[in-house]
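Here is how the chains run, residue by residue.
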Amino acid sequence: MVSKHLLARLRTLNLSALNCSRTTIHCIDPAVHHKFQTRRYSYAPPPSSLAPASIPPQASNFRSKSSLNETELIKFASISETWWDAEGPFKPLHAMNPTRLAFIRLTLCRHFGKDPYCARPFEGLKFVDVGCGGGILSEPLARMGASVTGIDAVDKNIKIAQLHADLDHITSSIDYRCTTAEKLVEEQRRFDAVLALEVIEHVAEPADFCKSLSALTSSGGATLISTINRSMRAYATAIFMAEYVLHWLPKGTHEWSSFLTPEELALILQRASISVQEMAGIVYNPLTGRWSLSDDISVNFIAYATKNIE
């Protein structure tokens, strides 16, 4: 269980992560450097601190069928121009982003043995943001020092992301590409960390998608995935309330049958040679209007996993 003391510290961290969306980045709260008490998976091997992935891999015969869902691509292309409108269709992601970044910073600093006290802890590491959309995750990762590649199958999303990134000399270094994870695999690309947040529920074949994420992750590297649990509570809150009552999201944004339970996600990743190490819930407090990390994974949750050493 997550202690009240730790949750209080994580709220402070959320504020620090929020500052990552600006040019000036403040240091992480030192107190969150200790072990994060989320759900852990005993069958998973411990992560290994390895040097950043910099050497191209040997040629591979890996070929994966596309996991794209054309209906989902059309859906998101229609609202691509609103990515950076904090009050638009992507308002929930903007509000949730600092909490997602808090978890990412906590787990990846520990995984790579980086100093969480500094402003740019991911210096020298290569990250790929799969399904980057307009870049609301790629940009803070770049400000934290990572060399970021952002990919999305929707050309409009990439154009919006590039235009926004070019407004700042730090984020202008992000390598945005209109492509898929499968195509990057064919190009023999490898990354220290592969991130796919709020993406897997929109792909046609989650198992094939996870195989591609695994192929993109360097041996001993990290993979982070966030999604929505296939629970009745998730249907009530993430679909009925968010889409039809509060109108936070356009109607039809999510299909309940496309959600994965945490157990299903862990099994799919395990079959793709990725071992889940931790999971945390991302919960919304309607009284404060804020998101926070929790051990409640019944609706939104995020998983940190490691690629098995080859």
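Our structure's up above, just so we're on the same page.
Note that the structure is a prediction, hence the values are computed from the model and not measured. Numbering of residues starts from 1 in each chain and follows the order in which that chain's sequence is written. Local features in this predicted model are restricted to residues whose pLDDT is 70 or higher, and side-chain atom pairs enter the listing and the counts only when it is 80 or higher, whereas totals over whole chains, interfaces and linings include all residues. The side-chain figures draw on all heavy atoms in the structure; neither hydrogens nor water molecules are used.

(A) Region of interest: the pairing of strand 7 (residues 274-285). The buried label goes to any residue with under 20% of its type's maximum accessible area, the exposed label to any with over 50%, and the partly exposed label to all in between, with areas taken from a 1.4 Å probe on protein chains only. In this text, helices come from DSSP runs of H or I with a minimum length of four residues, and strands from runs of E with a minimum of two, each type numbered from the N-terminal end. Within strand 7, 9 of the 12 residues are buried, leaving the element largely enclosed by the surrounding structure. For two strands to count as paired, DSSP must find a minimum of two bridges between them. Bridging between strand 7 and strand 9 (residues 300-307) involves 7 bridges; their strand directions are antiparallel. Note that in strand 9 the partner of glutamate 278 across the bridge is tyrosine 304. Relative to strand 8 (residues 290-294), strand 7 runs antiparallel, the two being bridged by 5 bridges. In the sheet register, glycine 281 faces strand 8, and the bridge partner there is serine 294. The antiparallel pairing of strand 7 with strand 8 creates a hairpin that spans 4 residues between the two strands, and glycine 289 there sits at a positive phi of about 75°.

(B) Main features of the pairing of strand 9. Counting buried positions over the 8 residues of strand 9 gives 8, a clear majority of the element. Examined bridge by bridge, strand 6 (residues 217-228) and strand 9 share 7 bridges and lie antiparallel to one another. Bridge assignment links isoleucine 225 to a residue of strand 9, and that residue is alanine 303.

(C) Here's a closer look at the nonpolar core. In plain words, nonpolar cores are sets of buried Ala, Val, Leu, Ile, Met, Phe, Trp, Tyr and Cys residues tied together by side-chain atoms within 4.5 Å. By size, the foremost hydrophobic cluster in this structure holds 34 residues, and its most contacted members are Ile104, Leu108, Phe122, Phe127, Leu141 and Leu195. Those elements that provide at least two residues to this core are helix 3 (91-112), helix 4 (138-143), helix 5 (155-165), strand 5 (191-197), strand 6, strand 7, strand 8 and strand 9. For this core, the element with the highest residue contribution is helix 3, accounting for 8 residues. In this view, leucine 141 contacts Leu101, Ile104, Phe122, Phe127, Ala146, Val148 and Leu195; residues no more than four positions away in its chain are not counted. If you look at the next biggest cluster of nonpolar residues, it comprises 31 residues, including Val185, Val194, Leu213 and Ile225. Working rule for contacts: check all heavy atoms of both residues, and any pair within 4.5 Å makes them a contact.

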